[in-house]
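Residue strings, one per chain:
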Amino acid sequence: MRTRWYRDPLVAFLILGALLFVIVGDLDEDAQSTIDVRSQDVARLAQQWAMQMQREPNARELQGLLDQYIKEEIYYREALRLGLDENDTIVRRRMVQKLTFLTEDLAVSDVPDQTVLKQFHLDNSDNYTEPKRYSFQHRYFSADRRDDAEQIAERAITDAAIAGDPFMLQKQYAQRSQREIGDLFGREFAAGVANLQADEQWRGPLRSAYGWHVVRVSKVLPSRMLTFDEVQDRVLADWQQTQRKLANTDYYRSLSDRYNVRMPEPTEPAP
């Protein structure tokens, strides 16, 4: 006697599995197709509009914002459903960036007291030390205009009547560091100025990126450490940046301990 096919336990199991698959699929589709727009979302969209446009949105404009929000949500869910976020370098980096920002924000959520900041100021005193600063005048002699610019500059040291050539930058500078002078004239010139005394005498000639100069240094301010009150805002910003780096380092260390990284076997070099 033959057993009817629909009484076969295997067939019944396959039919039941197919029904469950359809039911679960319908439930997932219903959940996927529901977009709940909360009152907080409406308030956030209106606030963002007001901050940008300097006024509250009217009913038509607010509806346009909501339509755009819903459109973006639909597109986002469809992109996830199609797996467009997989193997995408931009999406990958953006997610890493967002996790990093979240870690950093938590690290600096509390403002430290003055004692912590003052100690940070002392521990990092090199970052708040002002370098030597020089106030000087110069007379310029163009190497492009004349072949003997260096010799003329040499004579100009003792002859104030030799005025020099027109210069595209200033003829006088106040309280500039050696680095700032180097950015304007070149490192060789800046080093030469740093070796001069503030004796109000013309010295040189010094060579720059433009030609030759005779220089008179009028004042040298010594290097000094800036007080906490002078750089309090900067100390706070530096402290926060340090805490962000430490938080990211600690967070990554805690995460990496949970993963076992397996590297590929080294390949043999081709003969």
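Residues numbered from 1 in each chain as written. Predicted model: local features only at pLDDT ≥ 70, side-chain atom pairs only at ≥ 80, totals over all residues. Heavy atoms only, no water.

Core analysis: the biggest nonpolar cluster contains 14 residues, and Phe-136, Ile-181, Phe-185, Phe-189, Val-193 and Val-215 have the highest contact counts within it. Contributions of two or more residues to this core are made by strand 2 (133–142), helix 7 (178–185), helix 8 (187–194) and strand 5 (211–221). With 9 residues, the next largest nonpolar core counts Ala-149, Ile-152, Ala-153 and Trp-212 among its residues. (Core = buried A, V, L, I, M, F, W, Y, C linked by side-chain atoms within 4.5 Å. Buried < 20%, exposed > 50% of the residue type's maximum accessible area, 1.4 Å probe, protein only. Helix = DSSP H or I, 4+ residues; strand = E, 2+ residues; numbered from the N terminus.)

Okay, the packing of helix 2 (residues 39–53) against helix 3 (residues 59–81) next. The N-to-C vectors of helix 2 and helix 3 enclose an angle of 115°; their axes lie 10 Å apart at closest approach. The crossing of helix 2 and helix 3 is right-handed. Between helix 2 and helix 3, the residues in contact are Asp-41, Val-42, Arg-44, Leu-45, Ala-46 and Trp-49 and Glu-61, Leu-62, Leu-65, Leu-66 and Tyr-69, respectively. (Axes fitted to C-alpha atoms, helices over the stretch in contact; angles between N-to-C directions. Left-handed = near helix turned anticlockwise from the far one by under 90°. Contact = heavy atoms within 4.5 Å.)

Owing to its 3.6 residues per turn, the α-helix aligns residues three or four sequence positions apart on the same side. The first and last C-alpha atoms of helix 9 (residues 232–256) sit 36 Å apart over 25 residues, in line with the 36 Å expected at 1.5 Å per residue. Listing the buried residues of helix 9 in full gives Val-235, Trp-239, Gln-240, Ala-247 and Asn-248. Summarising the contacts, the buried residues of helix 9 are in contact with helix 4 (89–107) and helix 5 (114–123). (Expected span 1.5 Å × (residues − 1).)

What follows is about the packing of aromatic side chains. Overall, the coordinates contain 9 aromatic pairs when judged by the stated rule. With a centroid separation of 6.3 Å and 55° between ring planes, the pair formed by Phe-136 and Phe-189 is classed as tilted. A residue pair is termed long-range when its members are at least 10 positions apart, and Phe-136 in strand 2 and Phe-189 in helix 8 qualify at 53 residues. When its relative accessible area of 1% is taken as the criterion, Phe-136 is described as buried. For Phe-189, a relative accessible area of 0% translates into the label buried. Three or more aromatic residues joined by ring pairs make a cluster, and in this case those are Phe-136, Tyr-140, Phe-167, Tyr-173, Phe-185, Phe-189 and Tyr-210. Across from the ring centre of Trp-202, 4.6 Å away, lies the NZ or CZ of Arg-139, which sits over that ring. (Phe/Tyr/Trp six-rings, centres within 6.5 Å; stacked < 30°, edge-to-face > 60°. Lys NZ or Arg CZ within 6 Å of the ring centre and 35° of its normal.)

Our focus in this paragraph is the layout of surface pockets. Estimated volume of the largest pocket: approximately 290 Å³. Considering the residues around the largest pocket, the lining is formed by Val-96, Leu-99, Thr-100, Thr-103, Asn-248, Tyr-251, Tyr-252, Leu-255, Ser-256, Tyr-259 and Val-261. Of all the secondary-structure elements, those providing two or more residues to the lining of the largest pocket are helix 4 and helix 9. Per-element tally for the lining of the largest pocket: the top contributor is helix 9, with 5 residues. Residues of the lining of the largest pocket, tallied by class, amount to 7 nonpolar, 4 polar and no charged. (1 Å grid on protein atoms, 1.4 Å probe; cavity = no way out; pocket = protein on both sides within 12 Å on 5 of 7 lines; lining within 4 Å. Points joined across faces, edges and corners; volume = space filled by probe spheres on them. Nonpolar A, V, L, I, M, F, W, Y, C, P; charged D, E, K, R; others polar.)

With omega at -5°, the peptide bond leading from Gly-204 into Pro-205 counts as cis. Structurally, Pro-205 is set in strand 4 (residues 202–207). Even without glycine at this site, Gln-54 takes up a positive phi of about 65°. The exposed category is assigned to Gln-54, whose relative accessible area is 68%. With phi around 60°, Glu-200 is a residue other than glycine that occupies positive phi space. Structurally, Glu-200 can be placed in the loop between helix 8 and strand 4. Judged by its relative accessible area of 41%, Glu-200 falls in the partly exposed class.

Spatially, the 4 strands line up as an open sheet ordered 3-2-5-4, and their pairing is antiparallel. The open sheet has two edge strands with one neighbour each: strand 3 (172–177) and strand 4. Pairs of neighbouring strands in the sheet enclose a mean axial angle of 40°, with direction left out of account. As defined by bridge partners, strand 2 adjoins strand 3 across 4 bridges and the pair is classed as antiparallel. Note that in strand 3 the partner of Gln-137 across the bridge is Gln-172. Here helix 7 sits on the sheet and contacts strand 2, strand 3 and strand 5; the angle it forms with strand 3, its principal contact strand, is near 130°. Contacting strand 2, strand 4 and strand 5, helix 8 runs over the sheet at an angle of about 160° to strand 4. (Pairing = 2+ DSSP bridges.)

In the structure shown here, the tally under the stated rule is 12 salt bridges. A salt bridge links Glu-130 to Arg-133, with the nearest nitrogen and oxygen atoms 3.6 Å apart. Owing to a relative accessible area of 22%, Glu-130 belongs among the partly exposed residues under this scheme. Note that Glu-130 is salt-bridged to Arg-224, the shortest N-O span being 3.6 Å. Of this pair, Glu-130 sits in strand 1 (residues 129–130) while Arg-224 is found in strand 6 (residues 224–225), placing the two residues 94 residues apart along the sequence. With relative accessibility at 36%, the residue Arg-224 sits in the partly exposed group. (Salt bridge = Lys/Arg side-chain N within 4 Å of Asp/Glu carboxyl O.)

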